[in-house]
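If you want the building blocks of each chain, they are given just below.
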Amino acid sequence: MLAGCGDDKAAAPPDAKSNAAAYDSVDVCSLAGDDQYKAALGEAAAGKERRDTDSLKACAVDGSSGAFYIFLSVMRPSMGAGEQVSFDKAAVQGAKDVDANTFSFFDDGQAYVETSDGALVLRASFVYYVDSGKITDGPGVVNRLHTLLGQMTQKV
């Protein structure tokens, strides 16, 4: 019985991070700075807008061109964060593993990276506005979003 408990803890080290309470007061727009937003967007940010709902905390950051934006969200799921990420990944055809806790997806109009971090799920999405363009370097956009998520997880 004890061996089973130890195995579970070894298989899920991110759950050791205790950040569930941070969800109640997190301002997602402040989890990254202007330089980090610029690096993720590939251009200067035009503005940030909090978009919190009952089920998630979020921030939309427009690019200066007005063609696209990044959407950042933090969620405290009712199931474990790792389970939620696995569920979300299974629901997306074409999802790719980034690491044990993280997956990515992209097509012509959007790209996103989702990760579990302690009790929370964080997602960074890059989205073109309708008829404003398309993603031509999906792996590059995913890499920029993954870097941004890494910076965000250090603050929650």
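Bear in mind that the values here come from a model prediction, so they are computed numbers and not experimental data. (Residues numbered from 1 in each chain as written. Predicted model: local features only at pLDDT ≥ 70, side-chain atom pairs only at ≥ 80, totals over all residues. Heavy atoms only, no water.)

Caption draft 1: Representation of helix α3 (residues 81-90) within the structure. For α3, the set of buried residues is A81, Q84, V85 and D88. Take α3 and look down its axis: the buried residues cluster within an arc of 100°, on one side only. Of the exposed residues in α3, the ones pointing more than 90 degrees away from its buried face are E83, F87 and A90. In this structure, the buried residues of α3 make contact with β3 (68-75), β5 (102-106), β6 (110-117) and β7 (120-128). (Buried < 20%, exposed > 50% of the residue type's maximum accessible area, 1.4 Å probe, protein only. Helix = DSSP H or I, 4+ residues; strand = E, 2+ residues; numbered from the N terminus. Arc of directions from axis to C-beta. Contact = heavy atoms within 4.5 Å.)

Caption draft 2: How the structure looks around the pattern of salt bridges. All chains considered together, the criterion is met by seven salt bridges. In this structure, R51 and E49 form a salt bridge, with 3.4 Å as the shortest nitrogen-oxygen distance. For E49, a relative accessible area of 43% corresponds to the partly exposed category. The salt bridge partner of D97 is K89, with a shortest N-O separation of 2.5 Å. The class for D97 is exposed, based on a relative accessible area of 56%. One salt-bridge network, held together by shared partners, links D27, R50 and D52. (Salt bridge = Lys/Arg side-chain N within 4 Å of Asp/Glu carboxyl O.)

Caption draft 3: Representation of the sheet that holds β5 within the structure. Strand order in this open sheet of seven strands is β1-β2-β3-β7-β6-β5-β4, and the pairing throughout is antiparallel. If you trace the sheet from one side to the other, it starts and ends with β1 (45-50) and β4 (96-99), each paired once. When strand polarity is set aside, the average angle formed by the axes of neighbouring strands in this sheet is 15°. The sheet contacts of α3 involve β3, β4, β5, β6 and β7, and relative to β6 the element is tilted by about 155°. Along the sheet, helix α4 (residues 138-153) contacts β3, β4, β5, β6 and β7; its crossing angle with β6, the most-contacted strand, is approximately 30°. (Pairing = 2+ DSSP bridges. Axes fitted to C-alpha atoms, helices over the stretch in contact; angles between N-to-C directions.)

Caption draft 4: Representation of the nonpolar core in the model. The biggest cluster of nonpolar side chains holds 30 residues, and the ones touching the most others in it are V28, I70, L145 and M152. When residues of this core are traced back to their parent elements, those giving at least two are α2 (34-41), β2 (57-63), β3, β6, β7 and α4. A per-element tally of this core places α4 first, with six residues. Once you skip the residues sitting within four places of it in the chain, L145 turns out to touch I70, A111, Y112, V113, A124, S125 and F126. (Core = buried A, V, L, I, M, F, W, Y, C linked by side-chain atoms within 4.5 Å.)

Caption draft 5: Spotlight on the packing of α2 against α4. Orientation of α2 relative to α4, taken along the N-to-C sense of each, is 155°, at an axis distance of 8 Å. By the angle class used here, α2 and α4 are roughly antiparallel. Both α2 and α4 take part in a crossing whose hand is left-handed. Seen from α2, the contacting residues are Q36, A39, A40 and L41; seen from α4, they are R144, L148 and Q151. In terms of residue class, the contact of α2 with α4 is made up of four nonpolar, two polar and one charged. (Parallel < 35°, antiparallel > 145°, perpendicular 65-115°, else oblique. Left-handed = near helix turned anticlockwise from the far one by under 90°. Nonpolar A, V, L, I, M, F, W, Y, C, P; charged D, E, K, R; others polar.)

Keep in mind these numbers describe shape, not what the thing actually does.
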